[in-house]
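The residues making up each chain are set out below.
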Amino acid sequence: MHIKRVPDGGRALTVLLIAAIVVLAVLDCLTGPRLRLALVASVTPLIAARLCSYRRTVVVAAVFVAAQTVVHCVIVRWDVVSVLVSVLGALLVAGFSVALCAALLEREAAYDRTRMVADAVQRTMLRELPITSGPLRVAGFYISAQEGARVGGDIYEVVESPHGRRVLIGDVQGKGMPAIGAGHAVLTSFREAAYHEATLEAVADHMEGALLRHNSALSLTGTDERFVTALLLEVGPPGTATRVLSCGHIPYYAVSGDHVEERLPGRFGLPLGLGGLTGEPRRAVDSAACGASSPEWLVLCTDGVTEARDADGRFYPLRDRLAQWTHLAPAAVAAALRADLERFTQGELKDDAAVLIVRAVDAGRAVRDGDAELVVPEGAHRVAT
């Protein structure tokens, strides 16, 4: 776990450590050689090395050496050899603390540079949520099962094309960093095909071809091949039905008023990478309208949400939770769902989890919803688990 230094460089902590050194030295003076507190005081420069700036660590180390020199030379009054050994020990502790501080600062700087580059790379793969595409508002969140990672085994994207606005959510076999390659192959192919291809079926074929080429390259290195479950949406002009195509993905949820309905396309295709097992083509189906004139909005997720378990082994009741949040704006639902999911699992998700909340609004309502989506009503996520 990466422990951050105190924001002010350790000013208050430096004063506290110096005060502790002085107090311990005074106690040594008052108690004489019968009670030695030098070992306790030697911890202070090490604490400064871990949490304070380099200059403040040097100050704490210098005060420590001075205090120990005074105690051993003036108060304890042992023989010269004992005093020299004790002072030399204090110098060694101080020198080690300063060197440790310099090494830690250099490592932290390298870590920050690496993290900055990694964040930039990861943001090019998965865009920040919420995403706006014309009247389409897509709120949600992504949680990686691997600590410190922003991306992993789940993918999502929204593309505005001449054929409508197309939404993807997918789940790569496996989780964490090893699944990124397959996810990237599917994502890049979707971004290209979603704009140029006229049908969702053609988009899915394009994505599968990209994944098969990726798997073929992996097989040459002895790495396991992977498949990807995916759900594709195509939201057309107002009044038209939303097209849905499933590639082995879990159901999605339609929310209309206070009603939450679990839906699964009638033609359930195989996951990407496995389509050749049956030879049957995938088929998109019409869902209910999700346009600006429709009150319905959709919730897409990966199995990291629906298969999340609490301490007693119970699955996360997503449908029941959504039914309690139908009065909230999509971004508020996403915030409440994320907080409740982490509380339900006690912060220990076993798999990557992604949620997209898709809603189309007209221009006038977009302003009102945009303002409301920035606020999670108090108590909205306080749901009994």
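Residues numbered from 1 in each chain as written. Predicted model: local features only at pLDDT ≥ 70, side-chain atom pairs only at ≥ 80, totals over all residues. Heavy atoms only, no water.

K.L.:
Help me understand the sheet that holds strand β12 (residues 353-360) in this model?
P.N.:
Sheet strands pair by backbone hydrogen bonding; their relative direction is either parallel or antiparallel. Ordered by their spatial adjacency, six strands build an open sheet running β1-β2-β12-β11-β7-β8, and the pairing between neighbours is antiparallel. Strand pairing shows two members of the sheet lacking a second neighbour, β1 (131-133) and β8 (259-263), which therefore form its edges. For this sheet, the mean angle separating the axes of adjacent strands, direction not counted, is 20 degrees. As judged from the three bridges shared by strand β7 (residues 252-256) and strand β11 (residues 297-301), these two strands associate in the antiparallel manner. Across the sheet, Ala 254 pairs through a bridge with Leu 298, a residue of β11. Against the sheet, helix α10 (residues 330-344) touches β2 (136-143), β11 and β12, its axis set at about 15 degrees to β2. (Pairing = 2+ DSSP bridges. Helix = DSSP H or I, 4+ residues; strand = E, 2+ residues; numbered from the N terminus. Axes fitted to C-alpha atoms, helices over the stretch in contact; angles between N-to-C directions. Contact = heavy atoms within 4.5 Å.)

K.L.:
Would you explain the environment of Val 26 in this entry?
P.N.:
Along the chain, Val 26 turns up in helix α1 (residues 11-31). Overall, Val 26 belongs to the partly exposed group, its relative accessible area being 42%. Each C-alpha atom of the pair Val 26 and Val 71 lies 8.4 Å from the other, and the pair is 45 residues apart in sequence. (Buried < 20%, exposed > 50% of the residue type's maximum accessible area, 1.4 Å probe, protein only.)

K.L.:
Would you mind showing me how to read the pairing of β12 here?
P.N.:
Residues in a regular strand project their side chains so that they alternate between the two faces of the sheet. Of all eight residues in β12, eight are buried; the element is thus mostly enclosed. Covered by surrounding structure in β12 are Ala 353, Val 355, Ile 357 and Arg 359 together with Ala 354, Leu 356, Val 358 and Ala 360, the residues of both alternating faces. Of the strand pairs in this sheet, β2 and β12 are connected by eight bridges, and their pairing is antiparallel. Bridged to Ile 143 within β12 is Ala 353.

K.L.:
Honestly, the nonpolar core in this entry has me stumped. Any pointers?
P.N.:
Note on soluble globular proteins: their nonpolar side chains tend to be buried together. If you look at the biggest cluster of nonpolar residues, it comprises 47 residues, and the most contacted ones within it are Leu 232 and Leu 300. Ranked by residue count, the leading element in this core is helix α6 (residues 180-196), at seven residues. If you look at the next biggest cluster of nonpolar residues, it comprises 26 residues, including Val 255, Trp 297, Val 355 and Ile 357. (Core = buried A, V, L, I, M, F, W, Y, C linked by side-chain atoms within 4.5 Å.)

K.L.:
Where do I start with the pattern of salt bridges in this structure?
P.N.:
Two side chains bearing opposite charge may form a pair once their charged atoms approach each other closely. Within this structure, the stated rule accounts for 14 salt bridges. Between Glu 108 and Arg 50 there is a salt bridge, with the nearest N and O atoms lying 3.0 Å from each other. Separated by 58 residues along the polypeptide, Glu 108 in helix α5 (residues 80-125) and Arg 50 in helix α3 (residues 43-51) bring together distant segments of the chain. Residue classification places Glu 108 among the buried positions, given a relative accessible area of 10%. Across the salt bridge formed by Arg 263 and Glu 261, the nearest N and O atoms sit 3.4 Å from each other. On the basis of relative accessible area, Arg 263 is assigned to the buried category, the value being 14%. The exposure class of Glu 261 is partly exposed, given its relative accessible area of 32%. (Salt bridge = Lys/Arg side-chain N within 4 Å of Asp/Glu carboxyl O.)

K.L.:
Any chance you could explain the confidence of the model for the chain here in plain terms?
P.N.:
Low pLDDT marks stretches whose predicted atomic positions should not be read closely. Here the chain averages 81 in pLDDT, while 83% of its residues score no lower than 70. Considering only residues more than four positions removed or in separate chains, one finds that residues 363-385, a stretch of pLDDT under 50, has 38 contacts. (pLDDT = per-residue confidence, 0-100.)

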